[in-house]
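Residues per chain are reported as follows:
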Amino acid sequence: MSLELRNVTVTLGRGDSRTTALRDLSAAFAPAALTALVGPSGSGKSTLLAVAGALLRPDSGQVLLGGTDLARLTPAGQARLRRERVGYVFQSGNLLSGLTALEQLLAAASVTGRAPRAVRARATELLAEVGLAHRLRHRADQLSGGERQRIALARALLLEPELLLVDEPTAAVDRERAAALAALIAEATARHGCVTVVATHDPVVRTAADHTVDMAALHPTGPA
Ligand SMILES: Nc1ncnc2c1ncn2[C@@H]1O[C@H](COP(=O)(O)OP(=O)(O)OP(=O)(O)O)[C@@H](O)[C@H]1O
């Protein structure tokens, strides 16, 4: 599995707020490796993650996942890809508000056909690894932003995606936890052999990463 963007342009917004978030951008992300995606605020890191995970369609250019151009997939094929092969960990966490931390993971596992009983032990272990052993039975609305995002990370790791996209995983945690999360993502990447891209401003993540891709080098003049 590999991820490559070729001459990708993405414009966002309308009228006065219309912005070229990615301009003719080409980048390759190594298989079975953790890449830190760095660059100034507003340089398009989150947009790149959205395009890579088929959440956003570029205006032009190609996004090749394992050699397949995402644009050539049918809408159903794209939905299947998002569900079965891609793990997303965004800052909002995207959790289901009525479910506890543990239920978030079990629900995700059952949607992809895994038996909840079989994955319960692994789900509990992963929640402990992200530092939430004491929060298994808290609902999403009873947790902090950083805790919610860590649940989303545990959920993504449980599903063992081929492509793992993570946006600022250490922004809302203390330094010690940041180092532990970066190590966990690196270790999961090595174990599962996934392509992992982590958008980050954090040197701790950069240190844990196998490679660094700098948006400033890809967009030498900056986004419009
Ligand atoms: N919905 C939108 N409409 C118009 N412009 C947008 C929209 N969303 C983002 N942008 C702009 O697109 C550019 C890229 O945004 P993006 O969120 O990808 O940057 P980023 O590198 O992830 O930033 P940060 O490090 O602050 O999270 C920015 O200039 C931003 O202002």
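Source: prediction; values computed, not measured.

Here is what the cut-offs are and how they apply
- The residue count restarts for each chain, going from 1 along the sequence in the order it is written.
- A pLDDT threshold of at least 70 governs which residues receive local features in this predicted model, and a stricter bar of 80 or more applies before side-chain atom pairs are shown or counted, although totals over entire chains, interfaces and linings include all residues.
- Working definition: helices are DSSP H or I runs of at least four residues, strands are E runs of at least two. Numbering for both runs from the N terminus.
- For the radius of gyration, the atom set is restricted to C-alpha positions; the globular benchmark scales as 2.2 Å times the number of residues to the power 0.38.
- Exposure classification rests on a simple neighbour count of other C-beta atoms within 10 Å of a residue's own: a residue reaching 20 or more is buried, one at 12 or fewer is exposed, and one in between is partly exposed. C-beta atoms are placed from the backbone.
- By the criterion used throughout, residues are in contact when their C-beta atoms, derived from the backbone, lie within 7 Å.
- Marked domain ranges trace back to an automatic or database domain assignment.
- Here the nonpolar group is Ala, Val, Leu, Ile, Met, Phe, Trp, Tyr, Cys and Pro; Asp, Glu, Lys and Arg are the charged ones; every other residue, Gly included, is treated as polar.
- By convention here, the C-beta atom is placed from the backbone, and a residue is near a molecule or strand when that atom is within 6 Å of it.
- In this analysis, the expected span of each helix is defined as 1.5 Å times one less than the number of residues it contains.

## A closer look at the overall build of the protein chain
So, point 1. Along the protein chain, the regular secondary structure elements total 8 helices and 9 strands.
So, point 2. The globule rule puts the C-alpha radius of gyration for 224 residues at 17 Å, and the 17 Å found for the protein chain is close to it.
So, point 3. By its C-alpha atoms, the protein chain is 45 × 40 × 35 Å across when sized along the principal axes.
So, point 4. Per-residue burial over the protein chain gives 40% buried out of 224 residues.
So, point 5. Contacts in the protein chain between residues far apart in sequence, at least 24 positions, make up 73% of those at least 6 positions apart.

## Side note on the domain arrangement of the protein chain
So, point 1. What the domain assignment reports for the protein chain is domain 1 (1-85 + 163-224) and domain 2 (97-160).
So, point 2. The interface is formed by 13 residues belonging to domain 1 together with 12 residues belonging to domain 2.
So, point 3. Elements that contribute at least two residues to the side of domain 1 that touches domain 2 include exactly helix H2 (75-84), strand E7 (163-167) and helix H6 (175-192).
So, point 4. Residue contributions to the side of domain 1 that touches domain 2 peak at 6 residues, all from H6.
So, point 5. A per-class count over the side of domain 1 that touches domain 2 returns 9 nonpolar, 1 polar and 3 charged.

## Observations concerning the site of the ligand
So, point 1. As a matter of local geometry, the ligand sits amid 15 residues, with Gly13, Ser41, Lys45, Ser46 and Thr47 nearest to it.
So, point 2. Looking at the shell around the ligand element by element, the count peaks at 3 residues for helix H1 (residues 45-52).
So, point 3. Class assignment for the residues of the shell around the ligand results in 4 nonpolar, 10 polar and 1 charged.

## Some thoughts on helix H5 (residues 145-158)
Working note: α-helix, 3.6 residues per turn, so residues spaced by three or four point in the same direction.
So, point 1. In this model, H5 (14 residues) spans 20 Å end to end at C-alpha, consistent with the 20 Å of a helix rising 1.5 Å per residue.
So, point 2. For H5, a buried count of 12 out of 14 residues is recorded, marking the element as mostly surrounded by other parts of the structure.
So, point 3. Of the surrounding secondary structure, the elements contacted by the buried residues of H5 are strand E6 (86-89), helix H3 (101-111), helix H4 (116-129), E7 and H6.
So, point 4. Directly after H5, the chain includes Glu160, whose backbone phi takes a positive value near 45°.

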